[in-house]
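Each chain is listed here by its residues.
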Amino acid sequence: MIYEIYQAQSDMLDPLRAAARGTATVLRNPMLSGLSAFYPYRAFTAAFDVFGHTRLTHDRPPFDIKSVTVGNREVPVTEVKEFSTPFGTLLHFKKDVGVVQPPVLVVAPLSGHFATLLRGTVVTLLQDHDVYITDWHNARDIPVSAGRFGFDEYVEHVVTFLEKIGTPGHLVAVCQPCVHALVAVCVMAMNGNPMQPRSMTLMAGPIDCRVNPTVVNKLATDNPIEWFEKNLIATVPRRLKGGGRKVYPGFTQLSAFMSMNADRHVKSHRELYNNLAKGEWDKAEQTRTFYDEYFAVLDLTAEFYLETVNRVFQEYELPLGKMYWKGQKVDPTAVRKTALFTVEGERDDICSVGQTVAAQDLCSKIRPYQKSHHLQPGVGHYGVFNGKKWEGQIYPRVKNMILAND
C-alpha cells in the first residue's frame with residue numbers, strides 16, 4: 001500500500017504546488033515591480049516559489065547539452081537513440097568534429113536517479129571523446145509484460161550496448177554499476193567477444209564492500225535480504241504504465257539519502273528561500289537547478305535492487321570468486337586486453353577508499369603498465385565525477401588512460 005499512499009498524496013498536492021508556482025509567477029510580474037521593493041512582499045513570493053518547486057517528479061529531465069567546446073570552437077551536439085529495449089536506451093551524443101574520437105560508453109547508476117545526474121561528467125568527456133551513455137528507463141513506466149530486469153539483465157545490456165557501438169571502445173562506469181560493468185567485461189573476455197573495451201575506468205564503485213564499510217554497507221549487512229523485500233519493495237499502482245510491477249521506489253531511496261544529510265538539505269532550502277527573498281536570483285537558480293535534478297526519481301525493478309543488495313553488498317560474490325552470470329562463473333583473470341583505471345575519493349562516505357581499487361587485484365592478468373589507480377584528495381562521492389576537481393584533476397587522467405589504450 002505504500003506506493004498507493006504516496007501516489008494519492010502526490011496527486012492531491014500537485015494542484016496546490018502548481019497553483020503556488022503560478023502565484024509566484026504572477027507576483028513577479030514586472031507591472032508589480034514597485035511592490036518588490038518591500039521585503040515582506042518578496043518573502044511572501046519566495047514562500048510560494050519554494051513550496052511550488054519542492055516536489056518529486058518521475059520523468060527524466062533533459063540532458064540539454066546543445067553544444068560543447070572541442071579545441072577552440074563550439075560544436076553542436078545531437079542526441080541520438082542508437083538502440084533501445086524496454087529497460088534502457090543506448091544514447092549517443094553525436095557531434096561533427098571532422099576527426100575520429102575514441103568512443104566511450106558511460107555506464108550510469110541505476111539507483112533512484114536518472115542518467116542525467118551525470119550531465120557534468122558527459123559534458124567534460126565530450127570535449128575529447130565520442131560519448132554514449134546507458135539511459136535507464138523508469139521501472140514504473142515499464143509494463144509487466146516486458147519481463148524481468150535483474151542483475152544478469154543489466155550486465156547483458158552493458159555487453160549489448162558495447163557491441164552496438166560497432167567498434168571496440170572504452171568504458172567508464174560511475175558508482176554502483178562498477179560491479180556490473182566489470183562483470184560485463186569479464187564475460188566478454190571469457191567468451192572472446194571482439195568488442196571487449198580497450199579500457200575500463202571504474203569510479204567510486206563497490207567492487208569489494210568488505211573494505212572500510214560505510215553506513216550504506218552496514219545497512220545492507222544488518223538485515224537479511226528478506227527484510228529488504230518485506231520493507232522496501234512496493235507495487236506500482238495499476239493506473240500507471242508499469243502497474244503491478246514490483247519495484248524499489250525512487251522516492252524511498254531519495255528519503256534514505258536525504259535522511260543521511262538532513263541538516264544539509266534543510267539548510268539548502270532555507271538558503272534558497274533567503275536568496276529568493278533578497279532577490280539574489282543567480283544563487284537561487286543554482287540551488288533550484290540542483291534540486292530539480294535531485295528530486296527527479298526513478299524506480300528500480302525489485303529483482304535488480306534485491307539481487308544487487310544480496311550479491312554485491314551481502315554475499316560479496318565478485319571478490320570471493322562466487323559470481324555467476326547466467327550459469328557461467330565469472331573469472332576476472334580472463335581480462336587481459338582491457339586496460340584498467342580505478343578512481344576513489346578521499347572523503348567518499350558512500351563507497352569508501354579501498355573498495356574500488358580492489359578491482360586491481362581481481363584483474364591480475366592485466367599487464368602492470370595497463371593498470372593504474374588514482375585517489376583524489378579532498379572530494380566526497382559526487383566530487384569524483386562532477387565539479388572542479390573532476391574536471392581539472394581526475395578527468396585528465398581518465399583522458400590519458402583512454403588515449404594510451406585507444
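What this report covers is the structure whose coordinates are included nearby. Residues take numbers from 1 onward in each chain, read along the sequence in its written order. Residues qualify for local features only when their pLDDT is at least 70, as the model is predicted, and side-chain atom pairs are given and counted only at 80 or more; totals for whole chains, interfaces and linings, by contrast, use all residues. Computation of side-chain values covers all heavy atoms of the structure but excludes hydrogens and water.

One open sheet holds the 8 strands; their spatial order is 3-4-6-5-7-8-14-15, and the pairing between them is mixed. Here the strands that pair on one side only, and so sit at the sheet edges, are strand 3 (78–84) and strand 15 (371–376). Across this sheet, the average inter-strand angle for adjacent strands is 20°, counted without regard to direction. The rule for pairing is simple: two strands pair if DSSP sees at least two bridges between them. The helix count covers DSSP runs of H or I at least four residues long, the strand count covers runs of E at least two residues long, and both are numbered beginning at the N terminus. Comment: axis = line fitted to C-alpha atoms, over the contacting stretch for helices; angle = value between 0 and 180 degrees taken between N-to-C directions.

By the alternation rule, side chains of strand 1 (residues 67–70) split into V68 and V70, which are all buried, and S67 and T69, of which none is buried. Once strand 1 ends, the chain turns through 2 residues before running back antiparallel as strand 2 (residues 73–76), passing G71 with a positive phi of about 70°. For each residue, the accessible area found with a 1.4 Å probe, counting protein chains only, is set against the maximum for its type, and the residue is called buried under 20%, exposed over 50%, and partly exposed in between.

What follows is about the packing of helix 4 (residues 151–164) against helix 5 (residues 178–190). At a closest axis distance of 9 Å, the pairing of helix 4 and helix 5 adopts a crossing angle of 60°. The handedness of the crossing between helix 4 and helix 5 is right-handed. The segment helix 4 lies against helix 5, with F151, Y154, V155, V158, V159 and L162 engaging V179, H180, V183, A184 and M188. Think of it as three bins: nonpolar holds Ala, Val, Leu, Ile, Met, Phe, Trp, Tyr, Cys and Pro, charged holds Asp, Glu, Lys and Arg, and polar takes everything else, Gly as well. Class assignment for the residues of the contact of helix 4 with helix 5 results in 10 nonpolar, 1 polar and no charged. Each helix crossing is assigned a hand: it is left-handed if the near helix lies turned anticlockwise from the far helix by less than a right angle, otherwise right-handed if that turn is clockwise. Residue contacts are counted whenever heavy atoms from the two residues lie within 4.5 Å of one another.

Before going further, it helps to examine the environment of Y305. Looking at where Y305 falls in the secondary structure, it is placed in helix 11 (residues 302–314). Each C-alpha atom, one on Y305 and one on F151, is 8.2 Å from the other, the two residues being 154 residues apart in sequence. When near neighbours in sequence (up to four residues on either side) are disregarded, Y305 contacts F228, L232, I233, Y248 and L300.

Glancing now at unusual backbone geometry. Positive phi outside glycine occurs at C175, with the angle close to 70°. With respect to the helices, strands and loops of the structure, C175 is situated in the loop between strand 7 (170–174) and helix 5. A residue is classified by how much of its surface remains accessible, and C175, at 14% relative accessible area, is buried. Notably, N212 is not glycine yet its phi reads approximately 45°, a positive angle. Considering the arrangement of structural elements, one finds N212 in the loop between strand 8 (199–203) and helix 6 (215–222). For N212, a relative accessible area of 46% corresponds to the partly exposed category.

What follows concerns the pattern of salt bridges. Salt bridges, as used here, are contacts in which a Lys or Arg side-chain nitrogen is within 4 Å of a carboxyl oxygen on Asp or Glu. Per the counting criterion, the structure on display carries 10 salt bridges. The closest approach of N and O atoms between E307 and R148, which form a salt bridge, is 2.5 Å. Of this pair, E307 sits in helix 11 while R148 sits in the loop between strand 6 (130–136) and helix 4; the two residues are 159 residues apart in sequence, bridging distant segments of the chain. Across the pair E156 and K326 runs a salt bridge whose closest N-O atoms are separated by 3.0 Å. Of this pair, E156 sits in helix 4 while K326 sits in the loop between strand 12 (324–325) and strand 13 (328–329), and the two are 170 residues apart along the sequence.

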